[in-house]
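# Commentary on secondary and tertiary structure
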Amino acid sequence: MIFLFYILITFCIIVLQTAVVPLFFTTRGFYDLLIPFVVYAGFFRPLAEGLSLIVLLGLIMDCLSASPFGLYITVYVWLYAGARWLIRFLHAHSGVVIFFTVAVGVLFENVLWLLTITFLGGMEIISFSVIVNGVSRQVLWALFTGPFFLFGYMQIPRLMKR
Amino acid sequence: MVIANIVILSITSRRHHSASSPGPVLIGIVAPFQEGATRSIHFTGDIWRHYFSLVSVARENDNLRQALARAVQENNMQRETTLTNQRLRSLINFTKTISDKQVAAEVIGLDPSFWFRSVTINKGKLDGVLKGMPVVIPDGIVGQIAKVSGHYAMVLLAIDRNSAVDAFVQDSRARGIIKGNSSEQYRFKYVLRKNDVQVGDTIISSGMDGVFPKGIRIGHVTDIVRRNSGIFQEVTVTPDVDFEKLEEVLIILTPPQGSFPEAK
């Protein structure tokens, strides 16, 4: 039941970030809104449930994007693995962890994308200022809004129990 | 008693306007109180009336605000309709310049990633759209169909790093490849140093790539770098299409020549 609920929520987020957010952020500076969910799944959901959901999300995003197929799945799985690794050392409910992880996740996603672009030989045509502007804007947005998303996801199991 | 009273009244009535009568004094004493009382009553009356009138004014104000909001909304809708009408008219005029069959589509979604550029449109296989077909608007080239489903398709924008369009300078006919770089400008690559290219020159499609028809606008030259070494010059082109404001596009229903097997 909760799995279907997560699918519904993430589907709404995908629609939000592909059809609604671009109407308000025409300069394309907003971050991937599924990153908070991937971090949440890594921190708080069981392995089988979290991983299957993450792969499904990556698949949907790969189909909707012009990026090389599999890039989103790769990013999400690595991010998920990173989040699971992180909670072996840190307390997932800690305010500092919640505050920074989404921003770090966004940074990680961008680094992985840029590495892929470099590997595909397209880096020569991206100017340094575009990279700095694009990444810093996304990370800042993630820093200030990401914790709210993460906190919202953390309330879902409680709401479902009621 | 009655007779005495009548006599007194007849005497006093004759002295009605006498200055020595106590009337003016008494009036002078009483009148200020009367005035005070009257003003107080008027003041209270005014407050009472104004309170009610304020209530009614507030209600009227609310009604007027609602009416204004409705009018503004209607005005916006009419303005939007006018703009849509203008865009569609220019699209219709543009279709007359293209000999091939086309289908109009609406942009319904944008690429979720920052580094890749594509849009989703509401026309697909069932509308005759195939992978590789060119997508244009009156301002110029938009991109190419990259993925198709039954009713929807994904357009790889010409500004994406994976896009390339064979093009030439409209005046000098200097030829090169327009390459996207996911920012707001194209690179016009493989233009020979000996070719004459000037800032402001218009770049159009050459039709040699087998995808885009010849002569469709792409952009205009905004920067040229000619290095001492090398056989090519580095040309930056600013697109004529505003990719952030795409709403309606035209898909030219001509299968590309040989690029995609499924298009055949």
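If you're wondering where the values come from, they're calculated on a predicted model, not measured in any experiment.

### Topic: helix α6 (residues 128-161) of chain A
- Between its first and last C-alpha atoms α6(A) spans 49 Å; for 34 residues at 1.5 Å apiece the expected length is 50 Å, and the two agree.
- At A:T145, α6(A) shows its largest kink, close to 45 degrees, and the proline A:P147 lies no more than four residues downstream.

### Some details on the pairing of strand β8 (residues 186-192) of chain B
Residue and element names in this part refer to chain B.
- Alignment of strand β7 (residues 175-179) against β8, held across three bridges, turns out to be antiparallel. By the bridge assignment for β8, I177 is matched with K189.
- Both β8 and strand β11 (residues 232-239) contribute to a ladder of five bridges, which runs antiparallel. Paired with L192 across the strands is F232, a residue of β11.

### Digging into the packing of helix α5 (residues 95-119) of chain A against α6(A)
All names here are of chain A.
- Where α5 meets α6, the axes come as close as 7 Å, and the angle between the chain directions of the two elements is 140 degrees. Considering their axes alone, α5 and α6 lie oblique with respect to each other. As for how α5 packs across α6, the hand of that crossing is right-handed. Residues I98, F99, F100, T101, V102, A103, V106, L107, N110 and L114 of α5 form the contact with α6, whose own contacting residues are I131, V135, Q138, V139, A142, L143, G146, P147, L150 and M154.
- In the contact of α5 with α6, the residues fall into 16 nonpolar, four polar and no charged.

### Side note on the pattern of salt bridges
Residues and elements named next belong to chain B.
- Per the counting criterion, the structure on display carries six salt bridges over all chains.
- In this structure, the salt-bridge partner of R217 is D240, at a minimum N-O distance of 3.2 Å. Of this pair, R217 sits in strand β10 (residues 217-225) while D240 sits in the loop between β11 and β12 (248-252), and the two are 23 residues apart along the sequence.
- When its relative accessible area of 39% is taken as the criterion, R217 is described as partly exposed.

### Section: the sheet that holds β7(B)
Residues and elements named next belong to chain B.
- Spatially, six strands are ordered β6-β7-β8-β11-β10-β9 in a closed barrel, and the strand pairing comes out antiparallel. Taking the axes of each pair of neighbouring strands and ignoring which way they run, one obtains an average angle of 40 degrees across the sheet.
- Bridging between strand β6 (residues 164-169) and β7 involves five bridges; their strand directions are antiparallel. Paired with D166 across the bridge in β7 is I177.

### Details of the nonpolar core
- If you look at the biggest cluster of nonpolar residues, it comprises 53 residues, and the most contacted ones within it are A:Y76 and B:W115.
- Among the elements of the structure, α1 (2-24), α2 (35-44), α3 (47-64), α4 (71-86), α5 and α6 of chain A together with β5 (153-157) of chain B are those that each provide at least two residues to this core.
- Counting residues in hydrophobic clusters, the runner-up holds 47 residues, among them B:V103, B:V136, B:V191 and B:V235.

### Quick word on the pairing of strand β4 (residues 140-148) of chain B
Residues and elements named next belong to chain B.
- The element β4 is largely enclosed, with a buried count of seven among its nine residues.
- Two successive antiparallel strands, strand β3 (residues 134-137) and β4, enclose a turn made up of two residues.
- Here β4 pairs with β5 via five bridges, running antiparallel. Opposite G143, over in β5, you have L157 as the bridge partner.

### With respect to α1(A)
- Taking 1.5 Å of rise per residue, 23 residues should cover 33 Å, and α1(A) covers 31 Å from first to last C-alpha, within 8% of that figure.
- In α1(A), a bend of some 40 degrees at A:Q17 exceeds every other bend along the element.
- Every buried residue belonging to α1(A) is among A:I2, A:Y6, A:I9, A:T10, A:I13, A:I14, A:Q17, A:T18, A:V21 and A:P22, and all of these are buried.
- For α1(A), the secondary structure elements touched by its buried residues are α2, α3 and α6 of chain A together with β1 (102-110) of chain B.

### Observations regarding the environment of A:R158
- By the secondary structure assignment, A:R158 is in helix α6.
- Counting along the chain gives 67 residues from A:R158 to A:H91, while the straight-line C-alpha distance between them is 19 Å.

### Points about the packing of aromatic side chains
- Taken as a whole and judged by the stated rule, the model has 15 aromatic pairs over all chains.
- Look at B:Y190 and B:F232: their rings are 5.5 Å apart centre to centre, the planes differ by 80 degrees, and that puts the pair in the edge-to-face class. Linking B:Y190 in strand β8 with B:F232 in strand β11, this pair joins segments that are 42 residues apart in sequence.
- In this structure B:Y190 comes out as partly exposed when scored by relative accessible area, which is 47%.
- The exposure class of B:F232 is partly exposed, given its relative accessible area of 36%.
- Ring pairing ties together the aromatic residues A:Y6, A:F37, A:Y40, A:F43, A:F44 and A:Y153, which thus form one cluster.
- Over the ring of B:F116 we find B:R161; its NZ or CZ atom is 5.9 Å from the centre of that ring.

Rules used in this analysis
- Residues numbered from 1 in each chain as written.
- Chains lettered and ligands numbered in written order.
- Predicted model: local features only at pLDDT ≥ 70, side-chain atom pairs only at ≥ 80, totals over all residues.
- Heavy atoms only, no water.
- Helix = DSSP H or I, 4+ residues; strand = E, 2+ residues; numbered from the N terminus.
- Expected span 1.5 Å × (residues − 1).
- Bend = angle between axes of the 7 residues up to and from the residue.
- Pairing = 2+ DSSP bridges.
- Axes fitted to C-alpha atoms, helices over the stretch in contact; angles between N-to-C directions.
- Parallel < 35°, antiparallel > 145°, perpendicular 65-115°, else oblique.
- Left-handed = near helix turned anticlockwise from the far one by under 90°.
- Contact = heavy atoms within 4.5 Å.
- Nonpolar A, V, L, I, M, F, W, Y, C, P; charged D, E, K, R; others polar.
- Salt bridge = Lys/Arg side-chain N within 4 Å of Asp/Glu carboxyl O.
- Buried < 20%, exposed > 50% of the residue type's maximum accessible area, 1.4 Å probe, protein only.
- Core = buried A, V, L, I, M, F, W, Y, C linked by side-chain atoms within 4.5 Å.
- Phe/Tyr/Trp six-rings, centres within 6.5 Å; stacked < 30°, edge-to-face > 60°.
- Lys NZ or Arg CZ within 6 Å of the ring centre and 35° of its normal.

Note that all results are geometric; they support no functional claim without further evidence.
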